[in-house]
Amino acid sequence: MGSYCSFIIKERELFWGKSYVPTDICILFHQSELKRSSEKAIYDDEEYDREIYLLESTNTKLLDRLRILGYSPEQAYIRVLMALDEYILEYGEFLSIRFDIDVWRSKITEIVNNPLVDHFEGDDVARYILYDSDFTLGLPSYDVRDTLVLLLSLFPKDTRVAIDYSDLVGGGYIDEDEDVVSIAKLQIQNSAVVRENIIIVAEGVTDLRYLEKSLKILFPDLANYFSFFDIKGPKVQGGVDDLVRFVKGVLGAKLSNRFCVMFDNDFAGLSGMEKLKKISIPSNVTLMHYPDMSMFNSYPVTLDNQLTNMNINGVGCSIELYFGKEILMPNNSLTPVRVTHIQGKYHGKISNKTMLQKRFLSKCRRSLIQGINTAEDWSGMISIWSTIFDNLSVYN
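Residues numbered from 1 in each chain as written. Predicted model: local features only at pLDDT ≥ 70, side-chain atom pairs only at ≥ 80, totals over all residues. Heavy atoms only, no water.

A.B. asks: Which residues make up the overall build of the protein chain, and what are the values?
C.D. replies: Counting secondary structure elements, the protein chain contains 14 helices and 15 strands. Based on the C-alpha atoms only, the size of the protein chain along its principal axes is roughly 85 × 50 × 40 Å. When each of the 396 residues of the protein chain is scored for burial, the buried share is 48%. Of the contacts formed within the protein chain by residues at least 6 apart in sequence, a portion of 71% connects residues at least 24 apart. Placing the 42 positive and 55 negative side-chain charges of the protein chain at their respective mean positions leaves the two points 13 Å apart. (Helix = DSSP H or I, 4+ residues; strand = E, 2+ residues; numbered from the N terminus. Buried < 20%, exposed > 50% of the residue type's maximum accessible area, 1.4 Å probe, protein only. Contact = heavy atoms within 4.5 Å. Lys, Arg positive; Asp, Glu negative; His and termini not counted. Charge placed at Lys NZ, Arg CZ, Asp CG, Glu CD.)

This is how it looks when you write it as structure tokens:
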């Protein structure tokens, strides 16, 4: 008969994999989320201790991981709607039930919220979703993760989601100490649906250092999905021009890796982005700059040897401006940006950059060891990463 693993939301088992763990869903979990326990069970009238193996997370975490891989509820809805229309057009005459996405959403929510109801006698739609369809949960789609995104987005934040592969261990299909997530990644590394790590590229190696540290602090569950690539070689100075040349090299080499190319939110960075926008950029390369922030709308600057305030968004926002207010205010006043006026354009650079960098690295070290201090300001780095996640979600 074989052994099965099951995918669970709340307490409802929704679908099963016979003799294996579904790889394209397994890779969305972390092996660190494995929960092992035991429970009393009975087999042939004999009581025994049944070992439980659960990869357990939440819908919020899985949706975040799916989003940076290019799966969002909005885009999944469009793709599934197209697949469903094609399916109904071709096979509609054979369908005995009325079925569309809204019907599916309503019924799957009812199914999950009633975990003790097994057979749904007389409910043709529920039985179609759970038992009678050739598709995962009855929903035609080109990628099961589109179905998963729509499913997970139906439930409140931090709803329990799990893969139970206890029977596979008990049946000898999986060793008890096996890293099923790593194995799943290896199994599909050459598959068309696999997503490699997203490569972050920035104007300088220091930017990458701060981005990587802040990701581990602020969004540790997502850190494994990113790599950081330093374009600076022994003959490269770094900066906007070299970043532009790097992107052109990626396009010329027709690399399939996913790149997120980060420019400073200043005149030079925005100018570099404009140069690249004149070229056809493939979907695997995402261009973006550090985000505008309201605190930069009126920020202290030195201009013409005078201290004043001005909007520095798009003028002088390097990564140091996002380190947090306590870093920017070593003497209870914001560190000013030095602004010059060249050929009708403002160019800004933060003062005391090295000092700010040292202060931020100390902040990162404390946070990695002690956890985030709620009194400290992380809004700038959160804004950068939120912007990255939002931009990456439109990949598909």
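A.B. asks: Got a sec to walk through unusual backbone geometry? Specific residues and values, please.
C.D. replies: Positive phi, close to 55°, is recorded for L137, a residue that is not glycine. Structurally, the position occupied by L137 is in the loop between helix 5 (124-132) and helix 6 (144-152).

A.B. asks: Would you mind going over the pairing of strand 11 (residues 299-303) in detail, with residue names and values included?
C.D. replies: By the criterion of burial, strand 11 is predominantly enclosed, with four of the five residues buried. Between strand 11 and the antiparallel strand that follows it, strand 12 (residues 306-310), lie two residues; D304 among them carries a positive phi value of about 55°. Bridging between strand 11 and strand 14 (residues 337-342) involves three bridges; their strand directions are parallel. Residue T302 lies in a different strand from strand 14, and its bridge partner there is R338. (Pairing = 2+ DSSP bridges.)

A.B. asks: Break down the sheet that holds strand 1 (residues 4-9) for me, with residues and values.
C.D. replies: With respect to topology, five strands assemble into an open sheet ordered 2-1-5-4-3, the strand pairing being antiparallel. Across the chains shown, the open sheet's two edge strands, defined by having one partner strand only, are strand 2 (12-18) and strand 3 (34-43). Sheet twist, expressed as the average angle between the axes of neighbouring strands with direction ignored, equals 25°. Looking at chain direction, strand 4 (residues 46-58) and strand 5 (residues 160-164) are connected through five bridges and run antiparallel. (Axes fitted to C-alpha atoms, helices over the stretch in contact; angles between N-to-C directions.)

A.B. asks: I'd love a proper account of the sheet that holds strand 11, names of residues and values included.
C.D. replies: If you walk across this open sheet you meet the four strands as 12-11-14-15, and the pairing is mixed. The strands lining the two open edges of the sheet, one partner per strand, are strand 12 and strand 15 (345-350). Neighbour-to-neighbour, the strand axes of the sheet open up by a mean angle of 40°, direction not taken into account.

A.B. asks: Residues and numbers for the pattern of salt bridges, please.
C.D. replies: In total, this model carries 21 salt bridges according to the counting rule given. We note a salt bridge from R65 to E33, for which the minimum N-O separation is 2.8 Å. Within this pair, whereas R65 is found in helix 2 (residues 59-68), its partner E33 is found in the loop between helix 1 (23-26) and strand 3, the two being separated by 32 residues in sequence. Of the two residues examined, R65 and E33, each falls in the buried class. When the shortest N-O distance is used, the salt bridge between D242 and R245 registers 2.6 Å. With a gap of three residues between them, D242 and R245 both fall in helix 10 (residues 240-253), about one helical turn apart. Ionic contacts of the salt-bridge type, sharing partners, join the residues E11, K35, E56 and R160 into one network. (Salt bridge = Lys/Arg side-chain N within 4 Å of Asp/Glu carboxyl O.)

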